[in-house]
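Take a look at the letters that make up each chain.
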Amino acid sequence: MDKAKSYHISKHVVMEAYKRVKANKGAAGVDGVTMEKFEEKLTENLYKIWNRMSSGSYFPPAVKAVEIPKADGKIRKLGIPTIPDRIAQMVVKIYLEPLIEPHFHQDSYGYRPKKSGLEAVGVARKRCWDYDWVIDIDIKGFFDNLDHELMMKAVRKHTEEPWILLYVQRWLQAPIQEKDGSIVKRTRGTPQGGVISPLLANLFLHYAFDEWMKRNHSSNPFERYADDVVVHCKTKEDAEKLKDAIGKRLLECKLELHPEKTKIVYCKDSNRKGNGQHEKFDFLGYTFRPRSSRNRYGEVFTNFSPAMSDKAQIKAKEVMRGWIKEVKPNAPIGNLAAKANPVMIGWINYYGKFHASELWSVMNYTEAVIMTWGKKKYEKLKLGWTKAGNWLKRTRERQPNLFTHWQWMQRHGSNGRAV
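Thresholds applied
- Residues numbered from 1 in each chain as written.
- Predicted model: local features only at pLDDT ≥ 70, side-chain atom pairs only at ≥ 80, totals over all residues.
- Heavy atoms only, no water.
- Pairing = 2+ DSSP bridges.
- Helix = DSSP H or I, 4+ residues; strand = E, 2+ residues; numbered from the N terminus.
- Phe/Tyr/Trp six-rings, centres within 6.5 Å; stacked < 30°, edge-to-face > 60°.
- Buried < 20%, exposed > 50% of the residue type's maximum accessible area, 1.4 Å probe, protein only.
- Lys NZ or Arg CZ within 6 Å of the ring centre and 35° of its normal.
- Axes fitted to C-alpha atoms, helices over the stretch in contact; angles between N-to-C directions.
- Parallel < 35°, antiparallel > 145°, perpendicular 65-115°, else oblique.
- Left-handed = near helix turned anticlockwise from the far one by under 90°.
- Contact = heavy atoms within 4.5 Å.
- Nonpolar A, V, L, I, M, F, W, Y, C, P; charged D, E, K, R; others polar.
- 1 Å grid on protein atoms, 1.4 Å probe; cavity = no way out; pocket = protein on both sides within 12 Å on 5 of 7 lines; lining within 4 Å.
- Points joined across faces, edges and corners; volume = space filled by probe spheres on them.
- Core = buried A, V, L, I, M, F, W, Y, C linked by side-chain atoms within 4.5 Å.
- Arc of directions from axis to C-beta.
- Polar contact = N/O pair within 3.5 Å; in protein donor to acceptor, adjacent residues only side chain to side chain.
- Salt bridge = Lys/Arg side-chain N within 4 Å of Asp/Glu carboxyl O.

Student: I'd love a proper account of the sheet that holds strand E1 (residues 63-69), names of residues and values included.
Tutor: In any sheet, the strands associate via hydrogen bonds between backbone groups, in a parallel or an antiparallel arrangement. The mixed open sheet is built from four strands, whose spatial order is E2-E1-E4-E5. In this open sheet, the two edge strands, each paired with only one partner strand, are strand E2 (75-80) and strand E5 (183-184). Judged from the six bridges that link them, E1 and E2 form a sheet pairing that is antiparallel. In the strand pairing of E2, Pro-69 is matched with Ile-75.

If you want it as C-alpha cells, here you go:
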C-alpha cells in the first residue's frame, strides 16, 4: 500500500472490480470506450483509477442517457456510466456492501447476494393464500426522485470511511449527458444503470420503508424487489388505512405513491366469495390473478396464483422478432439456435416455475419466428406456412436438441402450433 496516498484502497480490489464489470458486459458510456478498447491498455487504465481514487482526485464523468421503451408505451431513462466509472463504482460496492447487507430485511429481494426475484414471487404466492388483500405499491419515479441528503444520511449510518462517502456523494451529483449532447445537472435521484445505484436504492428503502414497516406494521408482511413492493393485509379496511399510512411515510422521505398505479387488490379464489375493484396485479414479470387449478383428487377449483404476465410475453415476442433481423438467412440454422437458446433457457427457468402452461404462447411464437426465418432462408422456394411447418418438423426430427424449447415442448406433451 502506498503510504503517500490519502486513502487506502487495495489494488487487488480494483482488479476484482474490473473482473466483475467485465463479466456484467454493458455498453460504452459518454467517452465511447468499449471494454475491448479499455483492455488495450489495461494495466495503465486500472492504475489510473486506483491512483485517482486513492488520492481523492477521482471525479466521475457524466452518465450517458439511454431511453428504453416500457411495456406501457412510455420511456424509461437509463444512465450508463463509462467503463472506468463502472469499475470505480464497483470498488466502492465491494467495500460497502458487506457493511450494509447484514442489516437488510429478509423480505428485501432485489440485487442482493443469495436472493432472487423468483424467491420473492414464491413468497408472495403463499402469502396471497393466507391474506385476502394486497397493496400493489408503485413509487412514482423512485430512481429519479431519491433525495441526496437522506441518502447520504443512510450511508453514514454504516460507514465513516471518508473516501466512500466522498465518492458516493459525487456519483449522486454526476450530471447526465442527453442524446443531443447537452449536459444536465442532477440535484436528486440516482441513475438506473449505475453499478452502485441498486445498493443505494435498497439502502434508502430499507430505512424509508422496510424498517418503518417493521416498527409500525409488523403484522403486515411484504415482498420488496428494489422499488417494486407488495404488502399483504387481512381486510380491505386494513389495506386502505395502511395504503394511506405508507403514502404519508413516503412523503416524509420526499417520495410519492403513484396515484393510478398503486392499487388495493382482492386475492379472489374458491374460498373467498367477495369481490374487489381490482383482482389481479403484476409483480416481477408475473401476473397474480384467479386461475383454474386441479387438486390432488382431480377437482377443479379457483386458485389465486402467478403466471407469466402479458407484458412479459409481449416483451419476449419483441426479443424473438429481433432474432430474424440479427441472424441473416444465409447463415446456418445453428446460428439462430445459438442466439435463441440462452434466452429461452432463462425464460424457461424463470417463467416455468409457476403455471408453466402459460409459456406455451411463447413457445408457439418461437416456432413461428423460426418458420419466418426459414421462409427467408429458402425464399426462392416460396415456402408457405404449411411447407415451412413441414421444414421445421423435419429439422426437429433430425436435430431434436438443436433448440432448447423443443425439449421443453416434448416434456410438456404437445407438438401443436398456435400462431
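Next comes the rest of the account.
Student: Explain the packing of aromatic side chains to me, using residue names and the numbers behind them.
Tutor: On inspection of all chains with the given rule, the structure shows 19 aromatic pairs. Between the aromatic rings of Tyr-286 and Phe-354, the centroid separation amounts to 5.7 Å while the plane-to-plane angle is 75 degrees, which identifies the pairing as edge-to-face. Taken together, the positions of Tyr-286 in strand E10 (residues 286-294) and Phe-354 in the loop between helix H12 (333-351) and helix H13 (360-377) put the pair 68 residues apart, joining distant regions of the chain. Across the pair, Phe-354 and Tyr-286 agree in class, each one buried. Joined through ring pairs, the aromatic side chains of Tyr-286, Tyr-350, Tyr-351 and Phe-354 make up one cluster. Lying across the ring of Tyr-131, Lys-234 places its NZ or CZ 4.4 Å from the centre.

Student: Provide a residue-level description of unusual backbone geometry, including the pertinent values.
Tutor: Its identity as a non-glycine residue notwithstanding, Lys-114 has a phi of 65 degrees, on the positive side. Among the residues examined, Lys-114 registers a relative accessible area of 85% and is labelled exposed. In this structure, His-355 takes a positive phi of about 45 degrees despite not being glycine. By the element assignment, His-355 lies in the loop between H12 and H13. Overall, His-355 belongs to the partly exposed group, its relative accessible area being 27%.

Student: Break down the packing of helix H11 (residues 310-326) against H13 for me, with residues and values.
Tutor: Where H11 meets H13, the closest approach of the two axes is 10 Å, and the angle between their N-to-C directions is 15 degrees. When the axis of H11 is compared with that of H13, the two are roughly parallel. Viewed along their axes, H11 and H13 form a crossing whose handedness is right-handed. Contacts between H11 and H13 involve Gln-313, Lys-317, Met-320, Arg-321, Trp-323 and Ile-324 from the former and Ser-361, Val-362, Tyr-365, Thr-366, Val-369, Thr-372, Trp-373 and Lys-376 from the latter. Among the residues making up the contact of H11 with H13, the classes are represented as seven nonpolar, four polar and three charged.

Student: Would you mind going over the sheet that holds strand E9 (residues 281-283) in detail, with residue names and values included?
Tutor: The sheet built from three strands is open, its strands ordered E9-E10-E11 with antiparallel pairing. Of all the strands in the sheet, just E9 and strand E11 (300-308) have a single pairing partner and so form its edges. Shown here is a sheet whose adjacent strand axes are inclined to one another by a mean of 50 degrees, direction ignored. Inspection of the sheet shows E10 paired to E11 by nine bridges, in the antiparallel sense.

Student: Let's hear about empty space enclosed by the protein: which residues, and what values?
Tutor: Under the counting rule described, the total for this entry stands at one cavity of 30 Å³ or more. Looking at the largest cavity, its volume works out to about 80 Å³. Along the wall of the largest cavity there are 14 residues; nearest its centre are Gln-89, Trp-171, Arg-186, Pro-191 and Ile-196. Of all the secondary structure elements, the ones that give two or more residues to the lining of the largest cavity are helix H4 (83-100), helix H8 (162-173) and helix H9 (197-216). Looking at the lining of the largest cavity residue by residue, the classes come out as eight nonpolar, four polar and two charged.

Student: Tell me about the layout of surface pockets, and please be specific about residues and values.
Tutor: As a volume, the second largest pocket reaches approximately 360 Å³. Lining the second largest pocket are 16 residues, with Asp-31, Phe-38, Asn-45, Arg-52 and Pro-84 sitting closest to its centre. Among the secondary structure elements, those contributing two or more residues to the lining of the second largest pocket are helix H2 (35-39) and helix H3 (42-55). If one sorts the elements of the lining of the second largest pocket by residue count, H3 sits on top with four residues. Split by residue class, the lining of the second largest pocket holds eight nonpolar, two polar and six charged.

Student: Can you tell me about the nonpolar core, naming the residues and giving the values?
Tutor: If you look at the biggest cluster of nonpolar residues, it comprises 68 residues, and the most contacted ones within it are Met-53, Ile-87, Val-92, Val-231 and Ile-246. In terms of residue count, H9 provides more of this core than any other element does, 10 residues in total. Not counting residues up to four positions away in its chain, the partners in contact with Met-53 are Tyr-7, Ile-9, Tyr-58, Ala-88, Val-91, Val-92, Trp-163 and Tyr-167. Core analysis: the second largest hydrophobic core is formed by 49 residues, Phe-288, Ala-337, Trp-347 and Ile-370 among them.

Student: Can you lay out helix H7 (residues 148-156) for me, pointing to particular residues and giving the numbers?
Tutor: Listing the buried residues of H7 in full gives His-148, Met-151, Met-152, Ala-154 and Val-155. The arc enclosing the buried residues of H7, seen along the axis, measures out at 155 degrees, which places them on a common side. Facing away from the buried side of H7 by more than 90 degrees, the exposed set consists of Glu-149 and Lys-153. Taken together, the buried residues of H7 touch H8 and H9. Of the residues that open H7, the one with a side-chain oxygen 3.2 Å from the backbone nitrogen of Glu-149 is Asp-147.

Student: So, the pattern of salt bridges: which residues are in play, and what are the values?
Tutor: Summed over all chains, the structure comprises 19 salt bridges. Two residues, Asp-132 and Arg-272, come together in a salt bridge whose shortest N-O distance is 2.8 Å. With a gap of 140 residues between them, Asp-132 in the loop between helix H5 (117-130) and strand E3 (133-138) and Arg-272 in the loop between strand E8 (263-266) and E9 connect regions that are remote in the sequence. Using a relative accessible area of 26% as the deciding quantity, one classes Asp-132 as partly exposed. With a shortest N-O distance of 4.0 Å, Glu-358 and Arg-291 are connected by a salt bridge. Residue Glu-358 is located in the loop between H12 and H13, and its partner Arg-291 is located in strand E10; the two are separated by 67 residues in the primary sequence. Here Glu-358 falls in the partly exposed class, since its relative accessible area comes to 27%.

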